[in-house]
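Descriptive structure summary
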Amino acid sequence: MKKNDWIIFSFVFMLTTFVIPKASAITLDEFLNEVKKKNRMSISYEQSMVASEKRKEASQVDLSPVLVLKSTYLDDKKPQTYGTYVLSRTQATEYSVGLAKKFSTGTQAQVSASASDVQANALVSGAGVEQKMGIGSLGVSLSQSLWKDGFGASTRLKWDREAAVEKAEKSGYDLQQRQLLIEAESAFWDLIYLQEEMTQRKASLERAKRIESWVKRRVENGIGDRADLLNAQGLVAARELQLLVTQDEHLAMVKRLNDFLEVQAQENPNLEGDLKQVRNIRDLVGVSSQKNPVRLDAYLSALEAQAKMVGSREAEEAMKPDLVLEGQYKTNPIESSMSSAMNKLTDTQNPTTAIAVKLTWLLDGGAKGSVREAARQEALASQYKKERKLLESQSSWEEIQRRHTELGKKIKAAQIVSQVQAQKAAVERDKLTKGRTVTSQVITAEQDAAEAELTLVKLQAEQRKLEAQSRLFVSIEESL
């Protein structure tokens, strides 16, 4: 090799070895974070949660100030008789501005200002008269509900109901996202299991091939039985078939993980997960040992029941009679022109003052009772549903803990079985090489050892997938 070629080779070797980063293994948390960021369903749930928050904010639009600007032109030629005075035509141009605001106390306030230019043509004792004037007005009006929505009672109930509805909507989307993550985590552990199964299937196939080679040499040397060779060949064929089935399942699971990530197909994703690592379910939920968590669908039912209960009180409030206290004050400057009237809008020489009490009563008592009763029954039904869901939540939590403990016991037993079967298979293989056993016993021991090892790994994968079910539970501080 020339000197220049050697330098280039050394540079390329160092570049590929030290500079180019190697693909790191993907852990479970990294995988689930990628699902959250890339899966369109997960993104849609996040956007729906934001929409729920905005809907709650938008529900207070009735408390926003309202600005009204108005311009009017009037040309009235209808004759109007007032004794000897006949108004033959009225022309007017009016400009007005108003600002209204409803407060959470149930108070409604409005400030308005207007100015108009009026020209009137009249007949007085047969003689035509033309009159021009400017009219202005600056006023404020207030109204306060004293019974129905008294001092903002309905508004506060509405806020309570909308807060419960927002929580319920967000919890519903959170539940769907958690279910998606549970499916993704189950697929993650299934792929880890299949990778382990493929490794074991390949190792079993290699051992079966070594047994076949050894038996074949004995038959060729005339010291072996052809039936033993057929048994060994059958073992190899069975191991090859099992490996093909596992490889097919592995490819299908890789496709499933790619679908979760919504990425192009990759033949063998580099995943890092320890099937032997037992996780504490309470730690995963984040709840102390003194208190049990609540399944998310039960919490959702509790929020719905809360919203229905507040809705029942809203219906009760809405059917009350409406007693409103109203007050108004405005100025009335009249000048020769509109500009002069506008300059004297605050002149209180000729004010208008009005105070009123208005009672509105819905007389159909049957309809009002039906509205109240319908809301009350809906609240009662939601309460029963909530109580049932909480019972199911408690039972489900106890069951997931019981199954987790039982799987731990099964795994310990499976570990002992796997160790014994592996030792037995090793002993049988050693005895076969010494001619102290028959091939069928070695094959049986090999099959038992392989199945025991796979049973252990499968139980470990089931325990990891069961731990993923804890995502359905949440720690709730408030009483339900």
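Bear in mind that the values here come from a model prediction, so they are computed numbers and not experimental data. Residues take numbers from 1 onward in each chain, read along the sequence in its written order. Owing to the predicted nature of the model, reporting of local features is limited to residues with pLDDT of at least 70; listing and counting of side-chain atom pairs is limited to 80 or more, with chain, interface and lining totals taken over all residues. Working from all heavy atoms in the structure, the side-chain values ignore hydrogens and water.

**Describing the overall build of the protein**
Runs of E in the DSSP output that reach at least two residues are strands. Runs of H or I that reach at least four are helices, and both are numbered from the N terminus. On a plain count of helices and strands, the protein comes out with 10 helices and 10 strands. The reference for a compact globule is 2.2 Å times residues^0.38; the radius of gyration itself is calculated from the C-alpha atoms. The C-alpha atoms of the protein give a radius of gyration of 42 Å, which is well past the 23 Å a tight globule of 480 residues would have. Seen through its principal axes, the protein has C-alpha atoms that stretch 150 × 75 × 40 Å. Relative accessibility thresholds used throughout: buried, under 20% of the residue-type maximum; exposed, over 50%; partly exposed, between the two (1.4 Å probe, protein chains only). A total of 480 residues make up the protein; the buried ones form 35% of that total. As presented, the protein carries roughly 28,600 Å² of accessible surface, and 55% of it is formed by carbon and sulfur atoms. In this charge count, Lys and Arg are treated as positive and Asp and Glu as negative; neither His nor the chain ends contribute. In plain terms, the charge of a residue is placed at NZ if it is Lys, CZ if Arg, CG if Asp and CD if Glu. Counting 68 positive and 65 negative side-chain charges, the protein places the centres of these two groups 2 Å from one another. Using a 1.4 Å probe, accessible areas were evaluated by the Shrake-Rupley method; residue-level cover was limited to the displayed protein chains.

**Remarks on the layout of surface pockets**
Empty pockets left among the atoms are what a rolling probe the size of a water molecule brings to light. Empty space within the largest pocket amounts to approximately 440 Å³. Cavity and pocket criteria rest on a 1 Å grid covering protein atoms alone: a 1.4 Å probe that fits but cannot get out defines a cavity, protein on both sides within 12 Å along at least 5 of 7 lines defines an open pocket, and an atom within 4 Å of a point defines a lining residue. Looking at the largest pocket, it is lined by 25 residues, and the ones nearest its centre are Asp29, Glu185, Arg279, Leu284 and Arg471. Among the elements of the structure, α2 (28-38), α4 (153-220), α6 (281-285), α10 (439-468) and β10 (473-474) are those that each provide at least two residues to the lining of the largest pocket. The element best represented in the lining of the largest pocket is α4, accounting for seven residues. Under the scheme applied, nonpolar residues are Ala, Val, Leu, Ile, Met, Phe, Trp, Tyr, Cys and Pro; charged residues are Asp, Glu, Lys and Arg; polar residues are all the others, including Gly. Looking at the lining of the largest pocket residue by residue, the classes come out as nine nonpolar, five polar and 11 charged. Approximately 220 Å³ is the volume found for the second largest pocket. For the lining of the second largest pocket, the elements supplying multiple residues, two or more each, are α4 and α10. Taken together, the residues that form the lining of the second largest pocket break down as four nonpolar, five polar and four charged. Grid points are joined across faces, edges and corners, and a volume is the space filled by probe spheres set on the points.

**Comments concerning the pattern of salt bridges**
When a carboxyl oxygen of Asp or Glu is within 4 Å of a side-chain nitrogen of Lys or Arg, the pair counts as a salt bridge. Tallying each qualifying case throughout the model produces 34 salt bridges. Residues Glu185 and Arg471 are paired through a salt bridge, measuring 2.9 Å at the closest nitrogen-oxygen approach. Residue Glu185 is located in helix α4, and its partner Arg471 is located in the loop between α10 and β10; the two are separated by 286 residues in the primary sequence. Assessed through its relative accessible area of 23%, Arg471 is described here as partly exposed. For the salt bridge of Glu406 with Lys409, the shortest nitrogen-to-oxygen distance reads 3.6 Å. Taken together, the positions of Glu406 and Lys409, both in helix α9 (residues 365-433) and three residues apart, correspond to about one turn of that helix. Taking relative accessible area as the criterion, Glu406 reaches 29% and is therefore assigned partly exposed. One network of salt bridges, with partners in common, ties together Glu185, Arg279, Arg464, Glu467 and Arg471.

**Examining the packing of aromatic side chains**
The relative placement of two aromatic rings is captured by the distance of their centres and the angle of their planes. Note on aromatic pairs: the rings of Phe, Tyr and Trp (six-membered ring only in Trp) are paired at centre separations within 6.5 Å, and the planes decide the class, stacked below 30 degrees, edge-to-face beyond 60, tilted for the rest. Tallied over the full model, the rule gives four aromatic pairs. Judged by centre distance (5.6 Å) and plane angle (35°), the rings of Phe31 and Phe188 are tilted. Residue Phe31 is located in helix α2, and its partner Phe188 is located in helix α4; the two are separated by 157 residues in the primary sequence. You'll find Phe31 and Phe188 in the same group, each marked buried. Where Phe188 meets Trp189, the ring centres are 5.2 Å apart and the plane angle is 85°; that geometry is what we call edge-to-face. Residue classification places Phe188 among the buried positions, given a relative accessible area of 0%. Since its relative accessible area comes to 4%, Trp189 is described here as buried. Put simply, the rings of Phe31, Phe188 and Trp189 touch in pairs and so form one group of aromatic residues. The rule is short: NZ of Lys or CZ of Arg within 6 Å of the ring centre and within 35 degrees of the ring normal puts a charge over the ring. We note Lys101 situated over the ring of Phe103; from NZ or CZ to the ring centre the distance is 4.6 Å.

**Points about empty space enclosed by the protein**
For the structure shown, the criterion picks out one cavity of 30 Å³ or more. Taken as a whole, the largest cavity holds about 50 Å³ of empty space. In terms of lining residues, the largest cavity is bounded by Gln200, Arg201, Ser204, Arg207, Arg239, Gln242, Ala450, Glu453 and Leu454. For the lining of the largest cavity, the secondary structure elements donating two or more residues are α4, α5 (226-261) and α10. Broken down by class, the residue content of the lining of the largest cavity amounts to two nonpolar, three polar and four charged.

**With respect to the packing of α9 against α10**
Running from N to C, α9 and α10 point in directions that differ by 160°, and their axes come no closer than 8 Å. Taken together, the axes of α9 and α10 are roughly antiparallel relative to one another. With respect to the hand of their crossing, α9 and α10 are arranged in left-handed fashion. Of the residues contributing to the contact of α9 with α10, the split by class is 15 nonpolar, nine polar and 10 charged. In this analysis, axes come from line fits to C-alpha atoms, helices being fitted only over the stretch in contact, and the angle between any two N-to-C directions falls in the range 0 to 180 degrees. Angles below 35 degrees are treated as roughly parallel, those above 145 as roughly antiparallel, those between 65 and 115 as roughly perpendicular, and all remaining angles as oblique. Take the far helix as the reference: if the near one is turned anticlockwise from it by less than a right angle, the crossing is left-handed, and if turned clockwise, right-handed.

**Quick word on α4**
Relative to the 100 Å expected for 68 residues at 1.5 Å per residue, α4 spans 99 Å between its end C-alpha atoms, a close match to the ideal helical length. The first or second residue beyond α4 is Gly222, which carries a positive phi of 80°. The span one expects for a helix is its residue count, reduced by one, times 1.5 Å.

**With respect to the environment of Ala127**
Along the chain, Ala127 turns up in strand β5 (residues 127-145). The partly exposed category is assigned to Ala127, whose relative accessible area is 39%. Note: C-alpha distance between Ala127 and Tyr85 (42 residues apart in sequence) is 10.0 Å.

**Section: unusual backbone geometry**
Of note, Asp149 is a non-glycine position whose phi angle comes to about 55°, a positive value. Following the sequence through the fold, Asp149 ends up in the loop between β5 and α4. On the basis of relative accessible area, Asp149 is assigned to the buried category, the value being 12%.

**Quick look at the environment of Glu387**
Here Glu387 is to be found in helix α9. Of the residues examined, Glu387 reaches a relative accessible area of 38% and is grouped as partly exposed.

**Regarding the packing of α2 against helix α3 (residues 40-58)**
Contact geometry for α2 and α3: axes closest at 5 Å, N-to-C directions at 70°. If you check the angle between α2 and α3, you find them roughly perpendicular. Contact residues: α2 offers Val35, Lys36, Lys37 and Lys38, while α3 offers Arg40, Ser42 and Ile43. It only takes one pair of heavy atoms within 4.5 Å for two residues to be counted as in contact.

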